[in-house]
Amino acid sequence: METHGAAPSYPALVGSGLIASTGEEVAKRLRSSRCAVISDTNIAPLLADRVKQSLTSSGFQPTFITIPAGEKSKTLGQAGAICDQMITTRLNRQSFIVGLGGGVIGDISGFVAAIFHRGIPHVQIPTTLLAMVDSSIGGKTGVNTGAGKNLIGAVHHPSLVIDDVDVLKTLPRREFNQGFAEIIKHAIIADAEMFDALKNVDLENLAPLIRRNIEIKSNIVAKDERDRIGARAILNFGHTVGHAIERAGDYREFLHGEAVSLGIVAACDVSMKRAGLRRDQRDAIVDLLQKFELPTQLPPNFPRENIFEALPFDKKFEDGEVRFVVTPRIGSAHLSSDATMEDMREAVDQL
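Predicted model only: the values in this text are computed from it and were never measured.

Thoughts on the side chain of Ser136
Assignment of secondary structure puts Ser136 in the loop between α5 (129-135) and β6 (140-145). Within the local environment of Ser136, its side chain forms a polar contact with the backbone oxygen of Ala131, the two atoms lying 2.7 Å apart. Apart from residues no more than four positions distant in its own chain, Ser136 is found in contact with Tyr10, Gln124, Pro126, Ala131, Pro158 and Val161.

The following block contains the structure:
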């Protein structure tokens, strides 16, 4: 399928056995022979050889760069180290980058592609459900700082996204389930029909669901590529509190999707107060999150005060004004400036 709209258009291929045809698909779109494949210590042992074989058989000369798995690798220092390695191996402005991994790899490989020689092509091969339905689409790249997530980054759209659904079979259950937090978010903000369908989703045939989520996200991104006018901001539903929970747990307590799940529950509570969301719809959302074994309550000993300390660092706070995404009903969402820090405090207290 093709992403489209005001943002640059690029193909997102979704199907079975696509890793084997990586080289062939890349060759249709990129002329350069030299590339860096950036992966992590979890994914490289599983998939690097297959990607290397496919690229080399299509005439490419890949350099493999492996970084430690996990959110802690998403730093400026790590991005700089990758650039240094690329320079040492004589990659240049005619080269391109392949990101092979989950959301962390997609974010940092995309960021390196955006800054190396002021921008070179980026191919995404997402290996998690969350990355396939969310982070690989839309061109947002970035690294974290001590103050918060993705505060340093660039909008740099990929040239190609390859979603091989077969790799999802190797995902640990918890890693697989966290992808449904973003899928449920998409349903809440844009597709009530998909929300109902998720109650009986076919886990053996995920390609149509992945395609639908790519469609939802790319349509929203096309209206507001650089996240300036508020249309794209609705994708942040659940993320204001979710990012603060991730940071409060030092990025170790919860996976991204798990933190977003908790953030969705908090956003629903704020939405009941500020947007007229009905209690039965809020409960239906919580039930659906629980169906995919996603957390809907914080552990009793979680450092809640740290969540409030992290909130003001969120990118969605502008000039001290809270820009919070609310849902009046499943299938719709908008940006609100009515929500207050007190509303968020109350919502977190109830988690």
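Re unusual backbone geometry
Positioned with a positive phi, His117 is a non-glycine residue whose angle comes to about 50 degrees. Within the secondary structure, His117 sits in the loop between α4 (103-115) and β5 (122-126). By relative accessible area, His117 is classed as partly exposed at 43%. If you check the backbone angles, Asp250 has positive phi at about 55 degrees while not being a glycine. What makes Asp250 partly exposed here is its relative accessible area of 31%.

Observations regarding the pattern of salt bridges
One pass over the full model with this rule turns up 25 salt bridges. For Glu258, the salt bridge identified is with Arg174, shortest N-O distance 2.6 Å. Separated by 84 residues along the polypeptide, Glu258 in helix α10 (residues 256-274) and Arg174 in helix α6 (residues 173-190) bring together distant segments of the chain. The shortest N-O distance in the salt bridge between Asp196 and Lys199 comes to 3.1 Å.

Remarks on the pairing of strand β11 (residues 324-329)
Counted residue by residue, β11 has five buried out of six residues, so it is predominantly covered. Pairing of β11 with strand β12 (residues 332-336), which is carried by four bridges, proceeds in the antiparallel orientation. Looking across to β12, one finds that Val325 is bridged to Leu335. Between the end of β11 and the start of β12, which pair antiparallel, lie two residues, with Gly331 showing a positive phi angle near 105 degrees.

About the criteria used
- Residues numbered from 1 in each chain as written.
- Predicted model: local features only at pLDDT ≥ 70, side-chain atom pairs only at ≥ 80, totals over all residues.
- Heavy atoms only, no water.
- Helix = DSSP H or I, 4+ residues; strand = E, 2+ residues; numbered from the N terminus.
- Polar contact = N/O pair within 3.5 Å; in protein donor to acceptor, adjacent residues only side chain to side chain.
- Contact = heavy atoms within 4.5 Å.
- Buried < 20%, exposed > 50% of the residue type's maximum accessible area, 1.4 Å probe, protein only.
- Salt bridge = Lys/Arg side-chain N within 4 Å of Asp/Glu carboxyl O.
- Pairing = 2+ DSSP bridges.

Fair warning: the whole summary comes from geometry, so function is off the table for now.
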